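Fold and contact review
Read off the chains here:
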Amino acid sequence: MASRKLDRSLIRGFDLFRDMTEENLDAVLATVQVRTVEPGEPVFSQGAPADEFYLLLHGHLKVIQVTPSGEQVVVRHVLPGEVFGIARAIRRTDYPATAEAVTESLVLVWMSSQWQDFVTLNPVLAVNALEAVGERLQEAHTRIRELSTEEVERRVAHALLRLVRRAGRKEEDGGILIDFPLTRQDIAEMTGTTLHTVSRLLSAWEGQGIVRSARRRIAVTDENRLAALARG
């Protein structure tokens, strides 16, 4: 994980920094580090001391949690502009999961001991963090309900719909591309099923014109029919 200097113009476009005064922005950036994270490299690891918090400047990360039984679960994906690793904000002293780069990524890094000063200078961050924690808890509850009550076909359909709504990009043919690399194994780990089952479902849906998949890329070509599958 390499460090590099920050071009401050890169961050002015994010909602988090857009309305900050130059003085407050100078204070926030005075202690920031910028790191390059290579694909497959962790930003932090589950169980490690939560000494830092982060903002993704560029690239894409996935957050992975290993359950007590040893199962690996993809908890969520981090997109540019999102704050993550805010364990101290929820009074945790360690990271509850691992954040790993999917593509080459740039992250902004601050020490967790600066969290309160950061929030004081930028109240939007406090609101952003609370909203993010609330959304993640709601999504976790939804996924737990799906795992316990729904057939695997519905779970996979729900997972793809969530990704389309978070990171979908319209294509010329009318499809919606999930705009980051995504493997069938990732989907299996998001939905509590096997690679074989996900491959079988996606192949069937591709034959029906519902999705289109290529190497590490998935597009939804018929969102209404996918939503109908999610409803069962």
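Please read all numbers here as calculations on a predicted model, not as lab measurements.

To continue, consider the UniProt feature "domain: Cyclic nucleotide-binding" (unreviewed entry) in the protein chain. UniProt records the feature "domain: Cyclic nucleotide-binding" (unreviewed entry) at residues 16-110, using the numbering of this structure. Taken end to end, residues 16-110 is 12% helix and 42% strand, and its first and last C-alpha atoms sit 15 Å apart.

Our focus in this paragraph is unusual backbone geometry. Although it is not a glycine, R216 adopts a positive phi angle of roughly 60°. Topologically, R216 is positioned in the loop between β12 (211-214) and β13 (217-220).

Bringing helix α7 (residues 195-207) into the picture now. Look at α7: 18 Å from first C-alpha to last across 13 residues, which is about the 18 Å you get at 1.5 Å a residue. Three or more residues of α7 are buried, namely T197, V198, L201, L202 and W205. End-on view of α7: buried residues confined to an arc of 125°, all on one side of the axis. Exposed and oriented more than 90 degrees from the buried face of α7 are H196 and G207.

One number sums up the size of the second largest pocket: a volume of about 300 Å³. Along the walls of the second largest pocket sit R76, G81, E82, V83, N128, E131, A132, E135, R136, E139 and R166, which together make up its complete lining. Counting residues per element, the lining of the second largest pocket draws most heavily on helix α4 (residues 123-149), which supplies six residues.

Our next topic: the packing of aromatic side chains. Under the counting rule described, the total for this entry stands at six aromatic pairs. Consider the rings of F53 and W110, whose centres lie 5.5 Å apart with planes at 20°: the pair is stacked. Of this pair, F53 sits in strand β4 (residues 52-58) while W110 sits in strand β9 (residues 105-111), and the two are 57 residues apart along the sequence. Three or more aromatic residues link up through ring pairs in this structure, and these residues are F44, Y54, F84 and Y95.

Let's shift gears to the sheet that holds β12. Taken in spatial order, the four strands line up as β10-β11-β13-β12 in an open sheet, and their pairing is antiparallel. A single partner strand is all that each edge strand has here, and the edge strands are β10 (168-170) and β12. Mean inter-strand twist for the sheet, computed between neighbouring axes without regard to direction, equals 25°. Bridge count for strand β11 (residues 176-178) against β13 is two bridges, and the pairing is antiparallel. Directly across from L177, in β13, lies its bridge partner A219. Along the sheet, helix α5 (residues 152-167) contacts β10, β11, β12 and β13; its crossing angle with β11, the most-contacted strand, is approximately 95°. Strand contacts of α7: β12 and β13, with the helix running at about 120° to β12, the strand carrying the most contacts.

With numbering aligned to this structure, UniProt lists the feature "domain: HTH crp-type" (unreviewed entry) at residues 150-224. The straight-line gap between the two end C-alpha atoms of residues 150-224 is 19 Å; of that span, 52% is helix and 19% is strand.

To continue, consider the environment of N122. Tracing the sequence through the fold places N122 in the loop between α3 (115-121) and α4. On a C-alpha basis, the gap between N122 and T142 in space is 31 Å, while along the polypeptide they are 20 residues apart. Dropping the residues within four chain positions of it, N122 is found in contact with L16 and M20.

What follows is about the domain arrangement of the protein chain. Domain annotation for the protein chain reports domain 1 (6-144) and domain 2 (150-229). A straight line from the C-alpha centre of domain 1 to that of domain 2 covers 26 Å. With both sides pooled, the region where domain 1 packs onto domain 2 buries about 1,200 Å², and carbon together with sulfur makes up 51% of that total. Run the count over domain 1 and domain 2 and you get two salt bridges. Ionic pairing is found between D186 and K62, a salt bridge with its closest N-O pair at 2.8 Å. At the surface where domain 1 touches domain 2, the tally comes to five residue pairs in polar contact (both at pLDDT 80 or more). Going through the elements one at a time, β6 (72-78) and α4 are the ones with two or more residues in the side of domain 1 that touches domain 2.

Rules behind the numbers
- Residues numbered from 1 in each chain as written.
- Predicted model: local features only at pLDDT ≥ 70, side-chain atom pairs only at ≥ 80, totals over all residues.
- Heavy atoms only, no water.
- UniProt positions renumbered as here; feature names shortened; annotations may be inferred.
- Helix = DSSP H or I, 4+ residues; strand = E, 2+ residues; numbered from the N terminus.
- Expected span 1.5 Å × (residues − 1).
- Buried < 20%, exposed > 50% of the residue type's maximum accessible area, 1.4 Å probe, protein only.
- Arc of directions from axis to C-beta.
- 1 Å grid on protein atoms, 1.4 Å probe; cavity = no way out; pocket = protein on both sides within 12 Å on 5 of 7 lines; lining within 4 Å.
- Points joined across faces, edges and corners; volume = space filled by probe spheres on them.
- Phe/Tyr/Trp six-rings, centres within 6.5 Å; stacked < 30°, edge-to-face > 60°.
- Pairing = 2+ DSSP bridges.
- Axes fitted to C-alpha atoms, helices over the stretch in contact; angles between N-to-C directions.
- Contact = heavy atoms within 4.5 Å.
- Domains from an automatic or database assignment.
- Buried area = accessible area lost by both parts, 1.4 Å probe.
- Salt bridge = Lys/Arg side-chain N within 4 Å of Asp/Glu carboxyl O.
- Polar contact = N/O pair within 3.5 Å; in protein donor to acceptor, adjacent residues only side chain to side chain.

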